[in-house]
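Chain and residue survey
Now for the letters of each chain:
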Amino acid sequence: MTYDRIDWHSSGDNFPKNLEFKNGGTHIGMFITWAIQNNLIGELHLQESKESLEKVKNRKITGCDFLIKECDSKFWDEDLNEEGNKFAKYYYADQEYGDYILDYEQVFNNYDNLYQVDDTWSNYDKIKPIIDKRYKEWKSSFL
C-alpha cells in the first residue's frame, strides 16, 4: 500500500512552480522521521538503510532526505513495521488523508502554501509533540 509520494504533490496544480521537488515531501519526511525516532520503521530499512537511519536519529539528514534516498520518494507500508502501519493507517491515511495532514496544516498555518514549509529540524520539533499526542491517544484506545 502506498501512503504518499512526493510526485503526487510536486506535479499537482497547487504546487508552486518556484519550489523544488523535495518540498512536495516535507510533510511525508516529518512523519517518517517520527516513525524512525519511535522505532516503528520497517525491517527492510533496518537491514538495508542502517547508515541513513542513524543519520536521521542523529539529525544529520532529515526524514525527507531519507525518503528520497532510501524510499525512492515514496512512502509505502513496507517502510514501517506492523505497529507503525497500524498507526499510519489510523492517523496518516484514514480515508484519503487522515488527521495528520489536518494537524500539519494547523501547526504550519502561518504559510501561504504548505509546500513552503521548510524541511528543518526546528519545524519537525513543532509537529513532533502533536504526533506524540496522537500516538498516545491511539495507543490508549487499545487498552
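Residues numbered from 1 in each chain as written. Predicted model: local features only at pLDDT ≥ 70, side-chain atom pairs only at ≥ 80, totals over all residues. Heavy atoms only, no water.

What follows covers the packing of helix H2 (residues 26–37) against helix H4 (residues 50–57). Working note: a packed helix pair is described by the angle between its axes plus the distance between those axes. Here H2 crosses H4 at 100°, and the two axes come no closer than 10 Å. Between H2 and H4, the angle falls in the class roughly perpendicular. In this structure, H2 contributes Thr33, Ile36 and Gln37 to the contact, and H4 contributes Leu53, Val56 and Lys57. Counted by class, the contact of H2 with H4 contains 3 nonpolar, 2 polar and 1 charged residues. (Axes fitted to C-alpha atoms, helices over the stretch in contact; angles between N-to-C directions. Helix = DSSP H or I, 4+ residues; strand = E, 2+ residues; numbered from the N terminus. Parallel < 35°, antiparallel > 145°, perpendicular 65-115°, else oblique. Contact = heavy atoms within 4.5 Å. Nonpolar A, V, L, I, M, F, W, Y, C, P; charged D, E, K, R; others polar.)

Looking now at the nonpolar core. Counting 36 residues, the largest nonpolar core has Phe31, Phe75, Tyr92 and Tyr100 as its most contacted members. Of all the secondary-structure elements, those providing two or more residues to this core are H2, H4, helix H5 (63–71), helix H6 (82–91), helix H7 (99–107) and helix H8 (121–140). Non-local contacts of phenylalanine 31, meaning those with residues more than four positions away in its chain, are made with Phe75, Phe87, Ala88, Tyr91, Tyr92, Tyr100 and Ile131. (Core = buried A, V, L, I, M, F, W, Y, C linked by side-chain atoms within 4.5 Å. Buried < 20%, exposed > 50% of the residue type's maximum accessible area, 1.4 Å probe, protein only.)

Positive phi, normally seen in glycine, also occurs at asparagine 39, with a value near 55°. Looking at where asparagine 39 falls in the secondary structure, it is placed in the loop between H2 and helix H3 (43–48). In this structure, serine 73 takes a positive phi of about 70° despite not being glycine. Tracing the backbone through its elements, the reader meets serine 73 in the loop between H5 and strand E2 (74–76).

Among the secondary structure elements, asparagine 123 is positioned in helix H8. Leaving out residues up to four positions away in the same chain, asparagine 123 has contacts with Met30, Phe108, Tyr111, Val117 and Asp118.

All right, on to the packing of aromatic side chains then. One pair of aromatic rings is described through two measures. These are the centre distance and the angle between the planes. Within this structure, the stated rule accounts for 23 aromatic pairs. Arranged with centres 5.4 Å apart and planes meeting at 70°, the rings of phenylalanine 31 and tyrosine 100 form a pair that is edge-to-face. Note that phenylalanine 31 is positioned in helix H2 and tyrosine 100 in helix H7, a separation of 69 residues in sequence. Assigned by exposure class, phenylalanine 31 and tyrosine 100 land together as buried. Where phenylalanine 87 meets tyrosine 90, the ring centres are 6.4 Å apart and the plane angle is 35°; that geometry is what we call tilted. Of this pair, phenylalanine 87 and tyrosine 90 both sit in helix H6, 3 residues apart, which is roughly one turn of that helix. (Phe/Tyr/Trp six-rings, centres within 6.5 Å; stacked < 30°, edge-to-face > 60°.)

Moving on: H5. Turning to H5, its buried residues are Gly63, Cys64, Phe66, Leu67 and Cys71. Seen end-on, H5 carries its buried residues on one side only, within an arc spanning 155°. Turning to H5, the residues buried within the fold contact helix H1 (6–10), H2, H3, H4 and E2. (Arc of directions from axis to C-beta.)

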